[in-house]
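Take a look at the letters that make up each chain.
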Amino acid sequence: MATMLKYEDKDLKVVGTRPIRPDGVDKVTGRARYGADVNLPGQIYGRVVRSPHAHARVLAIRTDKAEALKGVKAVVTRDDFPEMPVEYAAAGELIVNFRDVTRNMMAREKVLYDGHPVAAVAATSEAIARRAARLIEVDYEVLPHVIDPVEAMADDAPLLHEEQMTEGLDPAPEKPSNLAKVVSFAKGDVEQGFAEADLVIEREFNTKPVHQGYIEPQASIASYTEDGQVELYTATQGHFVIRAQCAKLLQMDISKIRVIPTELGGGFGGKNNVYLEPLAIVMSKKSNRPVKMTMSREDVFRSTGPTSGAHTRIKIGCRKDGRITAAEAELDFQAGAFAGSSVPMAAMCTFTRYDLDNVRVRGNDITVNRPKVAAYRAPGAPISIFGVESILDEMSRELGIDPIEIRLKNAARQGTQTYYGPTFGPIGYEETLNRARQHPHLQEKLGPDQGRGIATGFWFNIGKETTTTLNVNEDGSVTVILGTIDVAGGSRAAMAMMVAEELGIDVDKVRPQIGDTQTLGFNFVTAGSRGTFASGIAVTVAARKAIDVMRERAAQMWDVPVDGVVWEDGHARPASSNVGEFEPLSIVEIARKSGMTGGPIAGHAEITAEGAGPGFGTHIVDVEVDRRTGLVKILRYTVIQDTGKAIHPAYVEGQFQGGAVQGIGWALNEEYIYDADGRLQNPGFLDYRVPVASDVPFIGTDIVEVPNPNHPYGVRGIGEVPIIPPIAAISNAIHDAIGIRLREQPMSPPKVLKAIREASNGAG
Amino acid sequence: MMARYHVTTTVNGDEVDFLCESDQTLLSVLRDELVMTGTKEGCGTGDCGACSVTVDGRLMCSCLVLGVEVDGKEVETIEGMADGEALHPLQQKFLEHAALQCGICTPGLLVASRALLERNPDPTETEIRYWLAGNLCRCTGYHKIVEAVADAAREMREV
Amino acid sequence: MRYEAPASLDAATRLLADAGGAARVLAGGTDLLIQMRADLVEPTVLVDVKNIAEMREIAEEGGRFRLGAAVTGMEIMEHEGFNAAWPGIVDGAKLIGSIQIRGGATRGGNLCNASPAADSVPALIAADAIARIIGPDGRRAAPVEDIATAPGRTSLAAGEIVVSFDLPEREPRSGDAYLRFTPRTEMDIAVVGVGVNLALDEAGMCVAARVALGAVAERALLVDEAAAALIGTRVDDAALAALSAAASAACRPIDDKRGTKEFRIEVAGVLAERAARIALERAEQG
Ligand SMILES: Cc1cc2nc3c(=O)[nH]c(=O)nc-3n(C[C@H](O)[C@H](O)[C@H](O)COP(=O)(O)OP(=O)(O)OC[C@H]3O[C@@H](n4cnc5c(N)ncnc54)[C@H](O)[C@@H]3O)c2cc1C
Ligand code: FES
Ligand code: FES
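Starting afresh in each chain, residues are numbered from 1 along the sequence in its written order. Each chain is given a letter, starting from A, and each ligand a number, starting from 1, according to the order in which they appear as written. Residues qualify for local features only when their pLDDT is at least 70, as the model is predicted, and side-chain atom pairs are given and counted only at 80 or more; totals for whole chains, interfaces and linings, by contrast, use all residues.

1. Observations regarding the overall build of chain C
Phase 1: Helices and strands together make up the secondary structure of chain C, namely 12 helices and 14 strands.
Phase 2: Radius of gyration: over C-alpha atoms. The globule rule applied is 2.2 Å multiplied by the number of residues raised to the 0.38 power. A globule of 286 residues ought to have a C-alpha radius of gyration of about 19 Å, and chain C, at 18 Å, matches this closely.
Phase 3: Over its C-alpha atoms, taken along the principal directions, chain C stretches across nearly 55 × 45 × 35 Å.
Phase 4: A total of 286 residues make up chain C; the buried ones form 58% of that total.
Phase 5: A pair of residues counts as a contact when their C-beta atoms, built from backbone coordinates, are within 7 Å of each other. For chain C, the share of sequence-separated contacts (at least 6 apart) that also reach a separation of at least 24 residues comes to 65%. Per the convention used, a helix needs a DSSP run of H or I reaching at least four residues, while a strand needs a run of E reaching at least two, with both numbered from the N terminus. The exposure scheme places C-beta atoms from the backbone and then counts, for each residue, the other C-beta atoms within 10 Å of its own, assigning buried at 20 or more, exposed at 12 or fewer, and partly exposed in between.

Right, dumping it as structure tokens:
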């Protein structure tokens, strides 16, 4: 059932306050159990053998020596997993194809990237598993490889998949290539639009793959019992999707796999996919022991999904007054070893902040010899908007229009039709720009070699399948079982707050908990900023159902018709004096008597949430550039974003700040570095440089609230938008500081210094 | 089977002894032998700080200390931070300031912050940021962590 | 693998000699444990030197410091007398890793790990530090610049231990400084490092100088031409420009994941100048 609860503007007691999160104490005391903290009696330890080559045919795998080692209980290779036909399913924001999923978790004909699993072992100790892994012999026929998306599209590029014919091309191609898919969107007449323009700017931009960089490495423990049941503990953003994938890959009934999600140590889109889980299950089956598997940090970098690196070409035309007449983009995205990058979403986000008549966007999904990409916070959007926001900055300078004004002049608003279809309802983009214009940040003085940049971002946000169960306990306290993982933004807290608000009780009386896959119906993964939106609707539905039950019980106790009972402030009250004179009944009183009035009180929701409100944000950043070393320092940073409604403002600020700092890392220093043989050179946190505390300033936040009409509290998703603008904003700020425009990410010191040198050579 | 080493040490004030391999890290001893999983592993190579503990009062990465090295020493971990039911002011301030999201970095950050405040009860923002530079947090952007530490310091100075 | 933690140098040298080439000295372990985890080294015996008093102390005699090779970064940072005399060596110690890493990391380990990017080494070379070494054949001494020879390689014979570093007497009006370039503020490996140590006469003329560069060659380099650019000058802009050019000219770096050749060469010159300014300021104050 598609459930729509409309926004109601009402006085709020709990929503909008800042209570302490229910999962907080466990996290500050070390009690919270993450993936690697789970142990089962009799467990053994699994380890994956990975390809040292970027591209090679797997000729033979010999496991006998490893199997002969004392303490080794199971070895698996491609032979232990069934072949999968081409079949698509959604996992997070990206679509997966089971033929590829099975090949990604364990190579079949070929290895396609450095780090690709080729075998796995399980043994009675980690040390023995390590030794056994070294005893597995693999014969490879090394093949030429390709990593750059543009090179991968060349006619003579090494081909990853001999059978891959480009989808989405008309006419269909005659021979296979690394171009897996083309997506296109168009609106109006682009040629006409450019002809009407007074100024046309076309530029190319390049970005490198970056990793989500969650601090908790993937970890799973699986126990397969003699009657074919599986218990699987895993750190994931979507336990139901993991269950579905394991069932499919291992050809088991969904009901036989119980996935118990552990506390999640960060995911940001990267923990929607199976990696270790099927291996652990099969090795448990082979050994009759629970198998625990954890990735090393190196494994995480080499084999779990980073985001795409990309090459983009953006062309925008506008009139002298700054009004855009046409916009065009071509996006080349690395998918990694298997098709399915975020280019469709990137394409849809490219120009969507603006109200445009003539648009054409083409996105190319390109297979290359690096790990299969996974979603990363607003998948693809930071990459595709980089060029757009950079060119708008250039245009604003060229035309002498303030960068905020030029955006306001073109801003999408209620009624704007997007070039991929939908028409916007109420949205807060203009409001974020208006706030930016007034923001005290703009009054801060800039010194020499300092500059200011502005950029904006848009994300759709999603709803999808969501279930929840709310139990009113015998003493009137409430437990809520949620099916969406708390990906750390504090969704458990937000859910408890909405339930408390609905029921009219203290938030402390509501205990939220994430249910395992056997306790609730299917839930989509927590991704696309859907947690608070979709589960928020579900818990509201469930709470309202529980209220209906409690009204019935009160009606029974008073012997009046149920219509005569209303729920207010945590009490059942007579609807009017006509009903009779009754003392209000509290939730506690009703709950205590529930055994005599019809049994336990509960509310459920099984919904498909729809109408997630689009989110928009505007970022302002000040930087200082050391002209002699190319070092860029972030001096000030402000995030202004429409949240619809901030259920718990501190967690909203936390999302803004965390997302912005990830974006700063992406802009300045993060990148996958490969050597000539296609081996990853920086699979560790020392050389893959995520920002540390001393790299960043305080991140100012300004919450805009334009309610989403399709959520009872007006919530929009908030988690994705904050990572979108930073790359562009920082590039614009660098230009403001030193007059040089960087169109390549990361804007690391060697690149910045080189650009400075080239500019001064060009000038002199 | 290699001979295992018998190590006697103090963990959070309790005398503890354990057997370990010579190459087993203190992190592995804590998590696997003593089943104290509050200390986390984010990298195993000293880069993330999730495994921070103090050894004789010195802040260290337990992934870069061997179990055999702590014989006769005093180890403090996140599990020893609260005093019975009373949370340490840093723990309380982390909660109040929403200085944690996923929380995987939190034990390490708390142990590191306590080591800072023991040395420097009134740190500046810059001092806090540099002291905590060995503790990666990917979720929060550090903003609320720095605020929480400063606020805890303020409160601890007052009592 | 056996673990031993002897309390004397004699015992340590005996353990190392008995084990032949397969033993390793363990100091802070911040390099060694990572290499063991990656199976890059597989020692049969680990000789932990942290219980050896002579290696663990900072001693001062008649204005000369002796810095134990197994003194940790945090201990150096906390030693007031040493900070006053050799702030440049302290700069090097302060920059290594994080507080956690500095809780373990030692100068001996930093030097003997023989990474060209080791942050304590350029300042020690600039300070003219002499390494005191003990081994199966007894004691010897060698200038710090002669210890590391190439990445992961040293001139130490099998079984030799660096015990301490002898620093010369601190002249009045002298100062040292170490600067490195890294993209992040902390937790990073030097793309370039420069140590400068200089002394002024009463008139403010530079009478002695040593300049050492890290991360721009297979080992840290002592650059006489760079020092010569300072000596006999007032360390004015012209001298600093000459220093900068000499530092860049001495680089023979490689392209790697941390930086390009051109970048290293250019930034070495910039940092040399900046480090010299700090050393000058310290000399003028001291
Ligand atoms: C996260 C992280 C960040 C780091 N950042 C930096 C940085 O910024 N700058 C930097 O320079 N380094 C850095 N390092 C590397 C390392 O911390 C330093 O090189 C440190 O000084 C090594 O000292 P240690 O005492 O830990 O050496 P150990 O690991 O104990 O030993 C290193 C090597 O030296 C040998 N050895 C040790 N002491 C002696 C001795 N007295 N005589 C003979 N041989 C000896 C050992 O056998 C071993 O081969 C970092 C390391 C990590 C993990
Ligand atoms: S696990 Fe020790 S620093 Fe990351
Ligand atoms: S709260 Fe998730 S890493 Fe810090």
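Picking up where we left off.
2. A short note on the overall build of chain A
Phase 1: Within chain A one finds 20 helices and 29 strands.
Phase 2: Compactness check: chain A gives a C-alpha radius of gyration of 27 Å against a globular reference of 27 Å for 764 residues, within 12% of the reference.
Phase 3: Reported as C-alpha extents along the three principal axes, the dimensions of chain A are approximately 90 × 75 × 50 Å.
Phase 4: Buried residues in chain A amount to 61% of all 764 residues.

3. Topic: the site of ligand 1
Phase 1: Contact assignment follows one rule, namely that a residue is near a molecule or strand if its backbone-placed C-beta atom lies within 6 Å of it. In the vicinity of ligand 1 there are 34 residues, among which Gly46(B), Gly28(C), Gly108(C), Gly109(C) and Asn110(C) approach most closely.
Phase 2: One finds residues of chains A, B and C in close proximity to ligand 1.
Phase 3: Ranked by residue count, the leading element in the shell around ligand 1 is helix α8 (residues 107-112) of chain C, at 4 residues.
Phase 4: Here the term charged refers only to Asp, Glu, Lys and Arg, the term nonpolar to Ala, Val, Leu, Ile, Met, Phe, Trp, Tyr, Cys and Pro, and the term polar to all other amino acids, Gly among them. Considering only residue class, the shell around ligand 1 consists of 18 nonpolar, 12 polar and 4 charged.

4. Focus on the environment of Leu143(A)
Residue and element names in this part refer to chain A.
Phase 1: Within the secondary structure layout, Leu 143 lies in the loop between β9 (137-142) and α5 (149-152).
Phase 2: As a C-alpha pair, Leu 143 and Ala 496 span 353 residues in sequence and 55 Å in three-dimensional space.
Phase 3: With residues up to four places along the chain from it excluded, the contact list for Leu 143 reads His 55, Ala 56, Arg 57 and Pro 158.

5. Remarks on the domain arrangement of chain A
All names here are of chain A.
Phase 1: Where each domain begins and ends follows an automated or database-derived domain assignment. Segmenting chain A into domains produces domain 1 (2-14 + 463-609) and domain 2 (431-449 + 613-763).
Phase 2: Here the C-alpha centroids of domain 1 and domain 2 sit 39 Å apart.
Phase 3: On the domain 2 side, the residues contacting the 19 residues of domain 1 number 19 residues.
Phase 4: Of all elements in the fold, only α14 (491-503) and α15 (531-558) reach the threshold of two or more residues within the side of domain 1 that touches domain 2.
Phase 5: Broken down by element, the residue count for the side of domain 1 that touches domain 2 peaks at 5 residues, all from α15.
Phase 6: Of the residues contributing to the side of domain 1 that touches domain 2, the split by class is 9 nonpolar, 7 polar and 3 charged.

6. A closer look at the interface of chain B and chain A
Phase 1: Taken together, the contacts link 41 residues of chain B with 42 residues of chain A.
Phase 2: Those elements giving two or more residues to the side of chain B that touches chain A turn out to be α2 (89-96), α3 (106-119), α4 (125-131) and α5 (143-158) of chain B.
Phase 3: A breakdown of the residues in the side of chain B that touches chain A according to their chemical character gives 22 nonpolar, 12 polar and 7 charged.

7. Notes on the interface of chain A and chain C
Phase 1: At the interface, 16 residues of chain A touch 16 residues of chain C.
Phase 2: A class-by-class count of the residues in the side of chain A that touches chain C yields 6 nonpolar, 6 polar and 4 charged.

8. Considerations on the nonpolar core
Residues and elements named next belong to chain A.
Phase 1: For our purposes the nonpolar core covers buried Ala, Val, Leu, Ile, Met, Phe, Trp, Tyr and Cys residues that link as a set through C-beta atoms within 7 Å. Within the largest apolar cluster, 401 residues are counted, with the highest numbers of intra-cluster contacts made by Val 121 and Val 499.
Phase 2: Counting residues per element, this core draws most heavily on α15, which supplies 12 residues.
Phase 3: The contact partners of Val 121, leaving out residues within four places of it in the chain, are Gly 46, Arg 47, Ala 66, Val 72, Ala 74, Val 75, Ala 129, Ala 132 and Ala 133.

9. Re the packing of helix α11 (residues 381-399) of chain A against helix α19 (residues 726-738) of chain A
Residue and element names in this part refer to chain A.
Phase 1: Helix axes are fitted to C-alpha atoms over the stretch in contact, other axes to C-alpha atoms as well, and angles between N-to-C directions run from 0 to 180 degrees. Where α11 meets α19, the axes come as close as 8 Å, and the angle between the chain directions of the two elements is 30°. By the criterion of interaxial angle, the relationship of α11 to α19 is roughly parallel. Classified by chirality, the crossing of α19 by α11 is right-handed. For the pair α11 and α19, contact is made by Pro 382, Ile 385, Phe 386, Glu 389, Ser 390 and Asp 393 and by Ile 727, Ala 728, Ser 731, Asn 732 and His 735, respectively.
Phase 2: Classifying every residue of the contact of α11 with α19 by side-chain character gives 5 nonpolar, 4 polar and 2 charged. Roughly parallel means an angle under 35 degrees; roughly antiparallel means over 145; roughly perpendicular covers 65 to 115; every other angle is labelled oblique. It is the rotation of the near helix from the far one that decides the hand of a crossing: anticlockwise by less than a right angle makes it left-handed, clockwise makes it right-handed.

10. Observations concerning α14(A)
Phase 1: Working rule for helices: expected span equals 1.5 Å times residues minus one. In a regular helix each residue adds 1.5 Å, so 13 residues correspond to 18 Å; α14(A) covers 18 Å between its end C-alpha atoms and thus fits that length.
Phase 2: The buried fraction of α14(A) amounts to 13 of the 13 residues, a majority that puts the element mostly inside the structure.

11. Points about the sheet that holds strand β24 (residues 571-574) of chain A
Through backbone hydrogen bonds, the strands of a sheet pair up, either in parallel or in antiparallel fashion.
All names here are of chain A.
Phase 1: A pair of strands is labelled paired if DSSP reports no fewer than 2 bridges between them. Strand order in the open sheet formed by 3 strands is β23-β24-β25, with antiparallel pairing between adjacent strands. Unpaired on one side and paired on the other, β23 (565-568) and β25 (585-586) mark the two borders of the sheet.
Phase 2: In terms of strand pairing, β24 meets β25 through 2 bridges, oriented antiparallel. Each bridged residue has a counterpart across the sheet, and for His 571 the counterpart in β25 is Ser 586.

12. Points about the sheet that holds strand β27 (residues 615-625) of chain A
Residue and element names in this part refer to chain A.
Phase 1: With respect to topology, 4 strands assemble into an open sheet ordered β19-β27-β28-β29, the strand pairing being mixed. Each edge of the open sheet carries a strand with a single partner, namely β19 (450-459) and β29 (699-704). Recorded for the sheet is a direction-independent mean angle of 15° between the axes of neighbouring strands.
Phase 2: Both β27 and strand β28 (residues 632-642) contribute to a ladder of 9 bridges, which runs antiparallel. Paired with Thr 618 across the two strands is Ile 640, which belongs to β28.

13. Notes on the pairing of strand β5 (residues 64-68) of chain C
Residues and elements named next belong to chain C.
Phase 1: Note that strand β4 (residues 58-61) and β5 share 4 bridges and pair antiparallel. What sits directly across from Glu 61, in β5, is Arg 64.
Phase 2: Inspection of the sheet shows β5 paired to strand β10 (residues 161-166) by 3 bridges, in the antiparallel sense. Note on β10: the bridge partner recorded for Arg 66 is Asp 166.

14. As for the environment of Gly453(A)
All names here are of chain A.
Phase 1: Looking at the element boundaries, Gly 453 is found in strand β19.
Phase 2: The spacing of Gly 453 and His 619 is 166 residues in sequence and 8.1 Å in space, taken between C-alpha atoms.
Phase 3: Every residue in contact with Gly 453, bar those within four places of it in the chain, is listed here: Val 621, Ala 729, Ile 730, Ser 731, Asn 732, Ala 733 and Asp 736.

15. Let's talk about the environment of Val11(B)
Residues and elements named next belong to chain B.
Phase 1: Secondary-structure assignment places Val 11 in strand β1 (residues 5-11).
Phase 2: On the neighbour-count criterion, Val 11 (21 C-beta atoms within 10 Å) is buried.
Phase 3: For the pair formed by Val 11 and Ile 78, sequence separation is 67 residues and the distance between their alpha carbons is 11 Å.
Phase 4: Those residues in contact with Val 11 that lie beyond four places of it in its chain are Val 16, Leu 34, Val 75 and Thr 77.

16. Focus: the pairing of β29(A)
Residue and element names in this part refer to chain A.
Phase 1: Direction of pairing for β28 relative to β29: parallel, over a ladder of 6 bridges. What sits directly across from Ile 640, in β29, is Asp 702.
Phase 2: The parallel pair β28 and β29 is bridged by helix α18 (residues 649-668), and the resulting crossover is right-handed. Look down the strands so they point away from you; if going from the first strand over the helix to the second traces a clockwise path, that crossover is right-handed.

17. Details of the packing of α2(B) against α5(B)
Residue and element names in this part refer to chain B.
Phase 1: Across the interface, α2 lies against α5 with an axial gap of 9 Å and an inter-helix angle of 135°. Comparing their axes, α5 and α2 come out oblique. The element α2 and its partner α5 pack so that their crossing is right-handed. Across from Pro 89, Leu 90, Lys 93 and Phe 94 in α2, the residues of α5 making contact are Ala 148, Val 149, Asp 151, Ala 152, Glu 155 and Met 156.
Phase 2: Looking at the contact of α2 with α5 residue by residue, the classes come out as 7 nonpolar, no polar and 3 charged.

18. Some remarks on unusual backbone geometry
Phase 1: Following Asp170(A), the chain continues into Pro171(A) via a peptide bond in cis, with omega recorded as 0°.
Phase 2: Summarising the element assignment, Pro171(A) is placed in the loop between α5 and β10 (179-187).
Phase 3: The residue after Gln745(A), namely Pro746(A), is reached through a cis peptide bond having omega -5°.
Phase 4: With respect to the secondary-structure elements, Pro746(A) resides in the loop between α19 and α20 (749-763).
Phase 5: Unlike most non-glycine residues, Asp128(C) shows phi in positive territory, near 65°.
Phase 6: Mapping Asp128(C) onto the fold places it in the loop between α9 (121-126) and β6 (130-135).

19. Here's the deal with α3(B)
Phase 1: For α3(B), with 14 residues, the first-to-last C-alpha span of 20 Å sits near the 20 Å given by 1.5 Å per residue.
Phase 2: Of all the positions in α3(B), only Thr106(B), Pro107(B), Gly108(B), Leu109(B), Leu110(B), Val111(B), Ala112(B), Ser113(B), Arg114(B), Ala115(B), Leu116(B) and Leu117(B) are classed as buried.

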